[in-house]
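Residues per chain, in single letters:
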Amino acid sequence: MAMSPVSLSADPLDQSWYEASARARLDALVDPGSFEEFLGPEQRVMSPHLPAFDLPRAFDDGIVVGRGSLGGSLVLLAAQEGRFMGGAFGEIHGAKLVGLLRAALQVRPAAVLILFDTGGVRLQEANAGETAIAEIMRAIADLRRAGVPVIGLIGGRAGCYGGGGLIAGTCSRLVVSEGGRISVSGPEVIETNKGAEEFDSRDRALVWRTMGGKHRRLIGGADAFADDTIRAFRDAAREQIGKAPAFDLATLEAEQARLEARLDLFGDARDATEIWSRLGVNDPAAVPGLDTDRFDALLARLPEAPHDAR
Amino acid sequence: MADWRVQRKARDARIERGRVHAEGKLVAASAVVDLLEAVLLPGDRVCLEGDNQKQADCLARGLSACDPVRVHDLHMVQSGIVLPEHLDIFEQGIARRLDYSYSGPQGARIARMLYGGQIALGAVHTYLELFARYFIDLTPNVALIAGVSADRDGNLYTGPNTEDTPTVVEATAFKNGVVIAQVNAIVDRVPRVDIPGDRVDFVVEADRPFYVEPLFTRDPAAVTETQILMAMMAIKGIYAEYGIRRLNHGIGFGTAAIELLLPTFAERLGLKGKIATHWALNPHPSLIPAIESGWVEQIHCFGSEVGMDRYIRERPDVFFTGSDGSLRSNRAFCQTAGLYACDLFIGSTLQIDLQGNSSTVTTNRVAGFGGAPNMGSDPHGRRHPSDPWMKAGEEAGGTGDPALRRGRKLVVQLVETFGDKLVPAFVERLDALELARKLDLELAPVMVYADDVTHIVTEEGIANLLLCRTLDEREQAIRGVAGYTDVGRGRDHAMVEALRARKIIRRPEDLGIDPLDADRSLLAARSIKDLVHWSGGLYEPPAKFRNW
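The shown structure was predicted, so the numbers you read here are calculated from the model rather than taken from an experiment. By convention here, each chain's residues receive numbers from 1 onward along its written sequence. Here the convention is simple: chains get letters from A, ligands get numbers from 1, in the order in which they are written. Thresholds applied to this predicted model are a pLDDT of at least 70 for local features of residues and 80 or more for the giving and counting of side-chain atom pairs; totals over whole chains, interfaces and linings are not thresholded and use all residues.

All names here are of chain B. Just so you know, the domain bounds were taken from an automatic or database domain assignment. Taken as a whole, chain B is organised into domain 1 (25-205), domain 2 (215-233 + 242-342 + 513-538) and domain 3 (343-506). Only DSSP runs of H or I covering at least 4 residues are called helices, and only runs of E covering at least 2 are called strands; the numbering of each starts at the N terminus. It is helix H8 (residues 225-242) that provides the largest number of residues to the side of domain 2 that touches domain 3, a total of 5 residues. Here the side of domain 2 that touches domain 3 is built from residues that sort into 10 nonpolar, 10 polar and 1 charged. Side-chain classes follow a simple rule in which Ala, Val, Leu, Ile, Met, Phe, Trp, Tyr, Cys and Pro form the nonpolar group, Asp, Glu, Lys and Arg form the charged group, and the remainder, Gly included, forms the polar group.

Below, the discussion takes up the sheet that holds strand S3 (residues 73-80) of chain A. Residue and element names in this part refer to chain A. Spatially, S1-S2-S3-S4-S5-S6-S7 is the arrangement adopted by the 7 strands of the open sheet, whose pairing is mixed. A strand with exactly one partner marks an edge of an open sheet, and here the two such strands are strand S1 (36-38) and strand S7 (224-226). With strand direction ignored, the average angle separating the axes of adjacent strands in the sheet is 25°. Here, a strand pair is defined by DSSP locating no fewer than two bridges between the strands. Bridging between S3 and strand S4 (residues 111-116) involves 5 bridges; their strand directions are parallel. Paired with leucine 76 across the strands is valine 112, a residue of S4. Between N-to-C directions, angles cover 0 to 180 degrees, with each direction set by a line fitted to C-alpha atoms, over the stretch in contact for helices.

Before going further, it helps to spend a moment on the interface of chain B and chain A. Here, residue contact means that the backbone-derived C-beta atoms of the two residues sit within 7 Å. The partner chain A presents 18 residues to the 16 residues of chain B that form the contact. Residue assignment for the side of chain B that touches chain A shows that the elements contributing at least two residues are helix H9 (253-268) and helix H19 (528-534) of chain B. Among the elements that line the side of chain B that touches chain A, the one with the most residues is H19 of chain B, at 3 residues. Grouping the constituent residues of the side of chain B that touches chain A by class yields 5 nonpolar, 5 polar and 6 charged.

Our focus in this paragraph is the pairing of strand S2 (residues 45-48) of chain B. Note on strand geometry: in a regular strand, side chains alternate between the two faces of the sheet. All names here are of chain B. Side-chain alternation along S2 places Arg45 and Cys47 on one buried face and Val46 and Leu48 on a second face that is also buried. Of the pairings in the sheet, the one linking S2 to strand S3 (residues 74-80) comprises 2 bridges and is parallel in character. In the sheet register, valine 46 faces S3, and the bridge partner there is methionine 76. Taken together, S2, helix H3 (residues 57-64) and S3 form a β-α-β motif whose crossover is right-handed. The sheet contact formed by S2 and strand S6 (residues 142-150) spans 3 bridges and is parallel. By the bridge assignment for S6, leucine 48 is matched with leucine 144. Buried residues are those with 20 or more other C-beta atoms within 10 Å of their own C-beta, exposed residues have 12 or fewer, and partly exposed residues lie in between; C-beta atoms are placed from the backbone. Seen with its strands pointing away from the viewer, a crossover is right-handed if its path from the first strand over the helix to the second goes clockwise.

On to the sheet that holds strand S10 (residues 246-249) of chain B. Residues and elements named next belong to chain B. Spatial strand order, S12-S11-S10-S13-S16-S17-S18-S19: 8 strands in an open sheet with mixed pairing. A strand with exactly one partner marks an edge of an open sheet, and here the two such strands are strand S12 (298-300) and strand S19 (505-506). The pairing of strand S17 (residues 455-458) with strand S18 (residues 461-464) spans 4 bridges and is antiparallel. The residue bridging threonine 458 from the neighbouring strand is glycine 461, located in S18. Packing of H8 onto the sheet brings it into contact with strand S13 (344-347), strand S16 (410-414), S17, S18 and S19, and relative to S16 it is tilted by some 170°.

All names here are of chain B. Between helix H16 (residues 471-479) and helix H18 (residues 493-501), whose axes approach to 9 Å, the crossing angle comes to 95°. Relative to H18, the element H16 lies roughly perpendicular. On the side of H16, the interface is formed by Glu473, Gln476 and Ala477, while H18 contributes Met495, Val496 and Leu499. In the contact of H16 with H18, the residues fall into 4 nonpolar, 1 polar and 1 charged. Here the angle decides the label: under 35 degrees means roughly parallel, over 145 means roughly antiparallel, 65 to 115 means roughly perpendicular, and every other value means oblique.

Geometrically, a packed helix pair is captured by the angle between its two axes and the distance between the axes. Residues and elements named next belong to chain B. Look at helix H2 (residues 32-39) against H3: their axes get within 9 Å of each other, and the N-to-C directions meet at 70°. Comparing their axes, H3 and H2 come out roughly perpendicular. Crossing geometry of H2 relative to H3 is assigned as right-handed. Here H2 contributes Val32, Val33 and Leu36 to the contact with H3, which in turn contributes Cys58, Leu59, Gly62 and Leu63. Less than a right angle of anticlockwise turn of the near helix away from the far helix marks a crossing as left-handed, whereas a clockwise turn marks it as right-handed.

Here the focus is helix H3 (residues 126-145) of chain A. Residue and element names in this part refer to chain A. Expected helix span is given by 1.5 Å per residue-to-residue step, counting one fewer step than there are residues. Taking 1.5 Å of rise per residue, the 20 residues of H3 would be expected to cover 28 Å, and the 29 Å separating its terminal C-alpha atoms lies within 8% of that figure. Every buried residue of H3 is accounted for by Ala128, Gly129, Ala132, Ile133, Ile136, Ala139, Ile140, Leu143 and Arg144. Along the axis of H3, the buried residues cluster in a sector spanning 145°; they form a single face. Away from its buried face, by an angle of more than 90 degrees, H3 presents the exposed residues Asn127 and Arg145. Residues of H3 that are buried make contact with helix H2 (91-107), S4, strand S5 (150-154) and helix H4 (163-170). Where H3 ends, the next residue or the one after it, glycine 147, has phi of about 90°, a positive value. Taken from the helix axis, the directions to the C-beta atoms give the arc we talk about.

Okay, here's the thing in structure tokens:
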């Protein structure tokens, strides 16, 4: 058993992030017993729109928000439940996150952690959802300016798509696992609009090497790569809080320069493996098969690696 | 003076006509239609190799492109109806009669064509039954087979998916038939000789590699907690109790869950080395953690599985491999092994009736049988004892001198009370009966007959049918594990409790299993990626199963 290459531990911290529910992630992520939920399911704050479509509602509208301690420091947290409507942003769902971020401005926690697991805005309440996305980005900017880091953790089944992908772009730091995906348009959306020749959504290896955690980490779309365990996300989150950059003109100018350079360098590439090759990866085809240790070792060897700014 | 060589002369004539389109034995892909039209005669019995996995697809396309004026009224005798061309030829008039075993992907179309009278059906067989008839009354005149490579003499390398090929060739080549093989490549020297060249008359270099269906890959990410609970019950209540070491698994998620619980749940019960050591099984990726943890001594395979080739090559102590290192599978031998040398078969089904008959047909689909009924039946020709077989025989109520008592094979149905789309798995009457009436079949297509089933496992518990002494007890034992289906709700509660007291019905708590412990964290692998890690990177899953 000790030789098992796959963790068989029953410790909540060793559970798969990808498999865990939003609540299980939060419970194990913070110091034991410290999570305290705001507007919990017992208060039944639910979507006012879904009944019009004959769709079932959730008592928490698919997002859990609250406070807890992480290594002894106060943090505020929000976790999307990817199994309820793909973790999509509706009016209540969005408002709970906006409220949490605005409260953080008063409370001044050590950080706000957003556990993304979302396909984007909920189509049935799109206007409210889109408004929420804008309000969330505004609230994150205000918080960061006030010196509170906002860390995004991405490794759920639904990935981080649509408005979720936009919000992730405004965070101080992002942690991603291999199963996590970050993008705006999802694979099916691209295929529907541009055809299967442009992007075959059923080619899962293509989807992951274009939007998956390793690719995002390699090109600086995420700042840390974590194993698919709650422990790994916890460790990475703590580390990234300490590394969050200042939110000032210098950072924004550096970020602009970084993104321009990235576009110059990779803008004409046809496949992620081409990008990795230009980054200095000797054997791009082997990247998807690397485990976390070997992937981290690869990152450390790359001349262009760590991509700061944000 | 009688001529005893009529068939031999006819065969020689066919080969001579075919040689016009060949260079020695070699035929270009572009000449397939000419070759087939030259060799085939109207009314011929033809085996177009359609296995569970490997398909002679180039030859199938060629046959479908033949001129129905020249090639017509063929009698197809093949195990699998898998490709569209397998049925196109009936619409075209090229073929007329059909004897087969399995038609999974074409099950709906074959049903429509049977209703429409486009196919004259002989029978739907089990694999061994059809193979047996190849040697008695369904011997092919022409066999169209598939391999990976061949040399110029026709020596054939079938690759890991040998499957039905040796059986088909044996019956055809040694009884005045003509064997035509398609291969992916002509080589100077084949890696190993699976079929000797003197049994192969023509070799076609196919325009593209033959198609193989990944039928046996179950993504651990899709295993549910209900399936895990059922797997825990099967391990503790059946595998451990009977000491099942020699077994065959079906291909469902329930049995995949059992495979994934061996290194965890079963290991904690101290069962390693005591159960699940010898297998008749395709190389299921979900068995990798158990193999890597040292649970499995050996596995004989019906066929191979896409992505498992490198892993198998590196584990020759476990698998049957050739001198070249690759897997050697053989459906006929493995079916025989599963029938006679395994003490347990466990598989899923779509419908079970009140007696325990089960079927996978619905009124609109004729999926056929494949191999499950061979494995899922009690072989009356068996004579060697083993502890599980003897114990089951005793439970079945053998009387008289124990030395004259017949043992019993354990045949276990593992089903959730409600299947896909919440369709109940327990029914008063099988859809197979309605199908038989509509198609005017003499026999309803029953997958496993009631008198062969020994146990039914559902999320509600285990019913041990061996211990039932009357038909009424048997019906209540089945109702007693049928959950909230109509059949389950129709139970006699007092009788079910009495059966439970006699251990004919056992609930999870009777087995010391807490349903709340049925958690995905018990799975030795929770994703395809985990399986790759377990294999040390040797397992190479097909793209559709990847999320990295």
